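Fold and geometry: a report
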Protein chains: 2
Amino acid sequence: MAAAPATATPIGVRAEDLEQVAFNADGLVPAVVQEEATGAVLMLAWMNREALVRTLETGRTWFWSRSRQEYWCKGETSGDRQWVRQAYYDCDGDTILLIVEQEGRGACHTGERTCFYRAFGPATPATAEGDAAAR
Amino acid sequence: MAAAPATATPIGVRAEDLEQVAFNADGLVPAVVQEEATGAVLMLAWMNREALVRTLETGRTWFWSRSRQEYWCKGETSGDRQWVRQAYYDCDGDTILLIVEQEGRGACHTGERTCFYRAFGPATPATAEGDAAAR
């Protein structure tokens with residue numbers, strides 16, 4: 001890769017933002033991760049308060065593994081790191097959206113770029129394009 | 001609006017797809033809704049199996065309201081309907097992604113187009129552009 005390595009752009013933690021986040025009964029909130037360059041939704045994982053703070057402070061995506069009961073920083077072992085460029089919370093404060101620069105192969109542990117690589121039903125993009133063309 | 005009204009493109013329900021979906025202990029799975037035309041992530045809501053089946057069968061977004069304990073079809077009262085064009089499930093089967101045509105004002109009950117209209121920290125797009133320009 002000739003491209004310069006990605007660097008972190010920490011977003012910073014503001015108390016007034018954190019107060020808006022509604023963690024569930026387990027102290028968790030779902031975080032949707034979207035790729036900045038393509039708009040592709042890459043994955044969804046869960047954060048507790050500490051994972052959210054680490055994410056905002058470091059500019060890397062930190063999550064809480066419900067199965068392993070531990071923090072994990074995306075790409076720390078695989079190298080497929082995510083560099084956070086924008087971070088949002090929704091109207092109810094119970095979902096986070098992170099816009100990232102995805103490094104390496106992608107977000108999915110299977111090697112796919114996005115975790116959402118399986119479509120319901122027959123392939124639909126052709127249908128959607130057909131609709132768009134018909135309008 | 002001079003544009004022709006949007007119409008449904010049902011995706012269809014396949015048993016082999018449904019079997020891949022891992023509902024949580026409450027029988028729910030989070031569904032991320034993304035706008036087809038802009039790539040914007042609009043909202044996240046929850047589905048039980050019946051809501052997922054209704055969504056795939058009707059081509060409209062159906063969810064399960066945890067607070068009201070009832071089904072709701074997005075836009076049925078507001079007119080801000082969502083027409084499903086593509087539907088995906090992730091590698092673990094525990095998150096759904098719906099690509100929709102958003103009708104009306106948008107997805108958020110506040111009147112915003114997306115529910116993710118509040119950013120953490122200082123505005124970051126300028127920073128991200130600065131980084132991109134510097135690379």
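Residues numbered from 1 in each chain as written. Chains lettered and ligands numbered in written order. Predicted model: local features only at pLDDT ≥ 70, side-chain atom pairs only at ≥ 80, totals over all residues. Heavy atoms only, no water.

With that settled, the discussion passes to helix 2 (residues 49-58) of chain A. All names here are of chain A. Of the residues making up helix 2, those classed as buried are Ala-51, Leu-52, Val-53, Thr-55 and Leu-56. Residues of helix 2 that are buried sit in contact with helix 1 (15-18), strand 2 (41-47), strand 3 (62-65), strand 4 (70-73), strand 5 (82-89) and strand 6 (96-102). Positive phi appears at Gly-59, one or two residues downstream of helix 2, with a value of about 75°. (Buried < 20%, exposed > 50% of the residue type's maximum accessible area, 1.4 Å probe, protein only. Helix = DSSP H or I, 4+ residues; strand = E, 2+ residues; numbered from the N terminus. Contact = heavy atoms within 4.5 Å.)

Once that is clear, we can look at the relation of the copies chain A and chain B. Mapping chain A onto chain B calls for a screw motion: a turn of 180° about the axis and a shift of 0.0 Å along it, with 0.0 Å RMSD after fitting. Look at the turn and shift together and you get a two-fold axis relating the two. Minimal C-alpha separation from the rotation axis in chain A is found for Gly-39 of chain A, amounting to 2.7 Å. Interface residue correspondence from chain A to chain B reaches 98%, placing this contact among same-surface, isologous pairings. (Least-squares fit on C-alpha atoms with pLDDT ≥ 70 in both.)

Another aspect to go through is the interface of chain A and chain B. Listed per partner, the contact involves 50 residues of chain A and 49 residues of chain B. Both sides together, the interface formed by chain A and chain B hides about 4,300 Å², and carbon and sulfur atoms give 63% of it. The largest share of the area that chain A buries against chain B comes from Phe-116, Arg-118 and Phe-120 of chain A, three residues that together contribute 21% of it. Across the chain A-chain B interface, the total number found is 2 salt bridges. Here Asp-94 of chain B and Arg-66 of chain A are joined by a salt bridge, their closest N and O atoms 3.8 Å apart. Elements that contribute at least two residues to the side of chain A that touches chain B include exactly strand 1 (29-35), strand 2, helix 2, strand 5, strand 6, strand 7 (118-119) and helix 3 (125-134) of chain A. (Buried area = accessible area lost by both parts, 1.4 Å probe. Salt bridge = Lys/Arg side-chain N within 4 Å of Asp/Glu carboxyl O.)

Here we take up the environment of Glu-101 of chain B. Residue and element names in this part refer to chain B. Note on placement: Glu-101 falls in strand 6 (residues 96-102). According to the relative accessible area criterion, Glu-101 is buried, its value standing at 18%. At 2.8 Å, the side chain of Glu-101 and the side chain of Arg-85 are in polar contact. (Polar contact = N/O pair within 3.5 Å; in protein donor to acceptor, adjacent residues only side chain to side chain.)

The buried fraction of strand 5 (residues 82-89) of chain B amounts to 8 of the 8 residues, a majority that puts the element mostly inside the structure. Where strand 7 of chain A meets strand 5 of chain B, 2 bridges bridge the pair, whose relative direction is antiparallel. Note that in strand 5 of chain B the partner of Arg-118 of chain A across the bridge is Tyr-89 of chain B. The pairing of strand 5 of chain B with strand 6 of chain B spans 7 bridges and is antiparallel. Looking at the pairing, Ala-87 of chain B lines up with Leu-98 of chain B of strand 6 of chain B. (Pairing = 2+ DSSP bridges.)

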